[in-house]
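The primary structure of each chain is shown beneath.
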Amino acid sequence: TSSLSTGMRSMQASIEYRITRAIGESDARIVHRYSGNFDANIIDDVRTWPGVQKATARLMGSLTIARADGKTDADGRRLRLTAKARGVDASIDEQFRQVDLKEGRIPANNEEILIDPLTAETLQVGIGDELIVERFGPPISLKVVGIQEREMLGALQKPEVQVDRSVIAEANGQDTKVSLISI
């Protein structure tokens, strides 16, 4: 029975780790009923609720990212892609972090970006390289400071990045919106 008990504890720890990486160590999440975005000012109200010790907001979106140096592939096309982007508060507490790092660090401000291995491979970049977010208006410059630990799953996998929430808000014109709040 002790080996069965040890096996069960190991399995439980593994499940808890996966859940923490999927949603963070939050006790509750506030999301829009139809998975849309909602007013960012709600985070200020949430932080005043009784029993709320910490709360952070996230903004999800898509960003078109290219190499700042304009490098092209063998066919002469600029190296660029559209990635699923997670916008977090740069001062995010470790408790809410949802990614493991392969190398580097988590972005600390709105001039930095964390990329996944697919983005690194497609754009042929690494830590210290400069990227730009393409949008209507002047591009937003970002420095690669970390690479996320993420398995390469093949053709169906989409690139994924993490930036400060303000980058997605500026790029997509959603200054007063958030996608979720973690408590």
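Preceding block: the structure.
Residues numbered from 1 in each chain as written. Predicted model: local features only at pLDDT ≥ 70, side-chain atom pairs only at ≥ 80, totals over all residues. Heavy atoms only, no water.

> Help me understand the overall build of the protein chain, please; the structure alone is not making it clear to me.
Of regular secondary structure, the protein chain possesses 4 helices and 11 strands. Burial status across the protein chain gives 40% buried among its 183 residues. Here the protein chain displays about 10600 Å² of accessible surface, and carbon together with sulfur accounts for 50% of that area. (Helix = DSSP H or I, 4+ residues; strand = E, 2+ residues; numbered from the N terminus. Buried < 20%, exposed > 50% of the residue type's maximum accessible area, 1.4 Å probe, protein only. Areas by Shrake-Rupley, 256 points an atom, 1.4 Å probe, with all protein chains shown as cover.)

> Is there a simple way to think about the side chain of Thr64 in this case?
Tracing the sequence through the fold places Thr64 in strand E3 (residues 56-67). Separated by 3.1 Å, the side chains of Thr64 and Thr82 make a polar contact. (Polar contact = N/O pair within 3.5 Å; in protein donor to acceptor, adjacent residues only side chain to side chain.)

> Explanation requested: helix H4 (residues 165-172) in the structure shown.
Residues of H4 that are buried include every one of Arg165, Val167, Ile168, Ala169 and Ala171, and no others. The inward-facing, buried residues of H4 abut E3, strand E4 (80-88), strand E7 (130-134), strand E8 (140-148), strand E9 (160-164) and strand E10 (177-178). Directly beyond the C-terminal end of H4, a positive phi value near 65 degrees is found at Gly173. (Contact = heavy atoms within 4.5 Å.)

> Looking at this model, I keep getting lost on the pattern of salt bridges. Mind explaining?
Close approach of charged atoms allows side chains with opposite charge to pair. As enumerated under the stated definition, the model contains 12 salt bridges in all. Across the pair Asp73 and Arg77 runs a salt bridge whose closest N-O atoms are separated by 3.2 Å. Its relative accessible area of 22% is what places Asp73 among the partly exposed residues. Note that Arg150 and Asp116 form a salt bridge whose closest N and O atoms lie 2.4 Å from each other. Here Asp116 lies in the loop between strand E6 (112-115) and helix H3 (117-123) and Arg150 lies in the loop between E8 and E9, a separation of 34 residues in the sequence. (Salt bridge = Lys/Arg side-chain N within 4 Å of Asp/Glu carboxyl O.)

> Is there a simple way to explain the nonpolar core in this structure?
Note that soluble globular proteins tend to have their nonpolar side chains buried in a common cluster. Counting 24 residues, the largest nonpolar core has Leu63, Ile65, Ile113, Ile115 and Leu131 as the members making the most contacts within it. Elements supplying a minimum of two residues to this core: E3, E4, E6, H3, E7, E8, E9 and H4. Residues in contact with Leu63, not counting those within four places in the same chain, are Leu81, Thr82, Ala83, Ala85, Val133, Val163, Val167, Ile168, Ala171 and Asn172. The next biggest cluster of nonpolar side chains, apart from the first, holds 10 residues, and it includes Ala40, Val52, Ile181 and Ile183. (Core = buried A, V, L, I, M, F, W, Y, C linked by side-chain atoms within 4.5 Å.)

> Help me understand the side chain of Glu112 in this model?
Looking at the secondary structure, you find Glu112 in strand E6. Since its relative accessible area comes to 9%, Glu112 is described here as buried. Reaching out from Glu112, the side chain makes a polar contact with the side chain of Arg105 at a distance of 2.6 Å.

> Could you clarify how one ought to interpret the pairing of E8 in this entry?
Successive side chains on a regular strand alternate, one facing one side of the sheet and the next facing the other. Counting buried positions along E8 yields 7 of 9 residues, so the element is predominantly enclosed. As paired strands, strand E5 (residues 101-104) and E8 are joined by 3 bridges and run antiparallel to one another. Bridging from a neighbouring strand, Gly104 pairs with Gly146 of E8. For E6 and E8, the ladder comprises 4 bridges, and the chain directions are parallel. Its bridge partner being in E8, Leu114 is matched across the sheet by Gly146. Taken together, the 4 bridges between E7 and E8 define a ladder with antiparallel strand orientation. Bridging across to E8, Glu130 finds its partner in Lys143. Hairpin connection from E7 to E8: 5 residues lie between these consecutive antiparallel strands, with Gly137 at a positive phi of about 105 degrees. (Pairing = 2+ DSSP bridges.)

> Quick question: what am I supposed to make of unusual backbone geometry here?
The phi angle of most residues is negative, glycine excepted, and most peptide bonds adopt the trans form. The residue Gln124 is not glycine, and still its phi comes out positive at about 55 degrees. With respect to the secondary-structure elements, Gln124 resides in the loop between H3 and E7. Using a relative accessible area of 42% as the deciding quantity, one classes Gln124 as partly exposed.

Taken by themselves, the reported measurements are silent on function.
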